Amino acid sequence: MNLLDIRNLSIELQTTNNSILAVDHVSLSMKEGEVRGLVGESGSGKSLLAQAIIGVLDERWHVHADRFHWRGKDLLRLSPEERKSIISQDVAMIFQEPMSCLDPTTTIGEQLAEAVDTEQLSGYFWQRNQQRKNAAIKLLHKVGIKHHDLCIKSYPHQLTEALCQRVMIAMALAKRPMLLIADEPTAAMETTNQGQIFRLLASLNQLKNMSILLISHDLENVTHWTNNITVMYSGQFVEAGTTKQIFTEPYHPYTRALLNSSPKANIELPVKSRLMTLPGSIPILQHLPIGCRLGPRCPRAQQACVKAPKVSNFHGHQVSCHFSLKDTY
Amino acid sequence: MAALLQVSELSKSYKLPGHWFNQKESIALEPLSFEIKAHQTLAVIGEAGSGKSTLAKLLVGAEIPSTGKIKLNGQTLNSENFKQRCQHIRMIFQDSGTTLNPSLTIKKLLDEPLKLNTNLNEKNRNQLIRETLQKVGLLTDHMNFYPHMFSGGQKQRISLARAIILKPQVIILDEALASLDPSLRSQMINLLLDLQKQMGLAYILISHNLSIVRHFSDELMVLSNGQVVEYGKTIDILKKPKHKFTQKLIMSQHFQLLHK
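Just so it is clear, the model here is predicted, and its values are computed rather than measured.

## Describing the interface of chain B and chain A
- Listed by partner, the interface residues are 25 residues for chain B and 26 residues for chain A.
- Every element with two or more residues in the side of chain B that touches chain A is listed here: helix H7 (182-199), helix H8 (210-216) and helix H10 (244-258) of chain B.
- Of the residues forming the side of chain B that touches chain A, the biggest block, eight residues, is contributed by H7(B).
- When grouped by side-chain class, the residues that make up the side of chain B that touches chain A number nine nonpolar, 13 polar and three charged.

Here's what the structure looks like:
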């Protein structure tokens, strides 16, 4: 059974004059124990999608979906309280810039102890405090922090960024979630630290069978760690498939361009030669093109592209394009 | 071809607060020397706190070096003579959005360095601004826009325009490509390469991303704790890193390459 099954999710922003479709019919499904990458440039709506899953969008945003199931339960039909209890039990999220997410006035130990669920504790009330502390230390060990004494006593500004991100992951683990949503966990981090965080996430996935939704703006950074990848552009679904399918045989011109534009994926490219790019830049929300939003920048665009294409499925490799590159391979 | 920029025994240390009997110093950058020719790119890599940004600040004149000399075209650059230096060595920063004054139009932003450093009249200045905007791929109509009306990639182009408007010889890119989206980043790399060909610029690229370094640079300098660990041709170093630190740095990114 799918852990998370979203079909045709749209997120609309209601402004005073008109409504803007920020996320337009995006589908996403996750199995248990899967690591899925959600890739898109800034303004592609990937963070909005994550926030819609968690349910933290405020009233100006309207979420519609044909299907929005969490382990077989339809989340859109539940009352906000029921939904909150399910989500807070099963889903956890970590953000970019861990330093700014932690409370600067409280020690790490207290913040971690706060995250520990009361239901996990047993015994009399005078034993609880000690148990809570031990649980916090155990969590730190789980994310690979050995010197827990030092870490518990320190404030967030005294730790490095990678350590802070580890603490954030420890907090997310406190509830033993089934799905961890990592929203650009390594943005603005040193490369050596990036590797550490990704390795930690991968080991958690393998040891605890925890599913991870890895959100990133850079395709090349996540390919090593993911089983499947979903690509988004400007709020629209582009392509989804296994990492290998996306990396070796992308069907959508946008994915192709993303791969071609990175010097890492094209090692054979002579040094200092021009890289292939798409012309223009990402459209802003107020002036979205009709139909396929890549249209004005797409090298394969034709007249049919003024209508939004339907998603076609080739053996689990989904692509949303009128003129996919499938026949060129 | 003679070297454009010659740096010899450049170092920087800060005095720590203390009694004047046991005055202590913290060394940010140990003495280092290098040369760049026109049309060439030197990449500087290293971890946080390794002295990359200190090096950039020393070259651009924001900090006064403790020892050493910087020679441009055989002429020693004085640490007091900002006018001479800012015409020839320019810098682009990581976060282009915050380095542009939000209350000035693009025209005024680009006019400022011209007013301070050249004797051109208004007509010629406007002409130069138009040409420069076209060079970096913007329209002349953008002159009357304010910075907030542009997207991130366009802002980066404006800071590039501001850097090249005085026809410099050296441009320092301090993580200028790090925060851009991948498709904008490759556009920017193309633009920088074109400008290098046209104007014979020399770049000093400070970056984390080894794949960009490999693609973009001719020479590579690896810094660690203020010391030069390795210095040589980029291809040679990336193929056969000699120092342990370089190997570690390459390994941390290389596994993703090997994956294919």
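On we go from here.
## Re the pairing of strand E8 (residues 179-183) of chain A
Residue and element names in this part refer to chain A.
- Burial of E8 is extensive: four of the five residues sit out of reach of the surface.
- Pairing analysis gives four bridges linking strand E7 (residues 91-94) to E8, with the strands arranged parallel. Bridge pairing links Val91 to Leu179 in E8.
- Here five bridges tie E8 to strand E9 (residues 211-216), and the two strands are oriented parallel to one another. Following the sheet pairing, Asp183 is matched in E9 by Ile215.

## Some words on the sheet that holds strand E2 (residues 25-36) of chain B
All names here are of chain B.
- Spatial ordering of the open sheet is given by E2-E1-E4-E5, a layout of four strands whose pairing is antiparallel. Looking at the sheet topology across the chains shown, the edges are occupied by E2 and strand E5 (75-76).
- Alignment of strand E1 (residues 5-15) against E2, held across eight bridges, turns out to be antiparallel. Considered in E2, the bridge of Lys15 is made with Glu25.

Each value, and the rule that gives it
- Residues numbered from 1 in each chain as written.
- Chains lettered and ligands numbered in written order.
- Predicted model: local features only at pLDDT ≥ 70, side-chain atom pairs only at ≥ 80, totals over all residues.
- Contact = placed C-beta atoms within 7 Å.
- Helix = DSSP H or I, 4+ residues; strand = E, 2+ residues; numbered from the N terminus.
- Nonpolar A, V, L, I, M, F, W, Y, C, P; charged D, E, K, R; others polar.
- Buried ≥ 20, exposed ≤ 12 C-beta atoms within 10 Å, placed from the backbone.
- Pairing = 2+ DSSP bridges.

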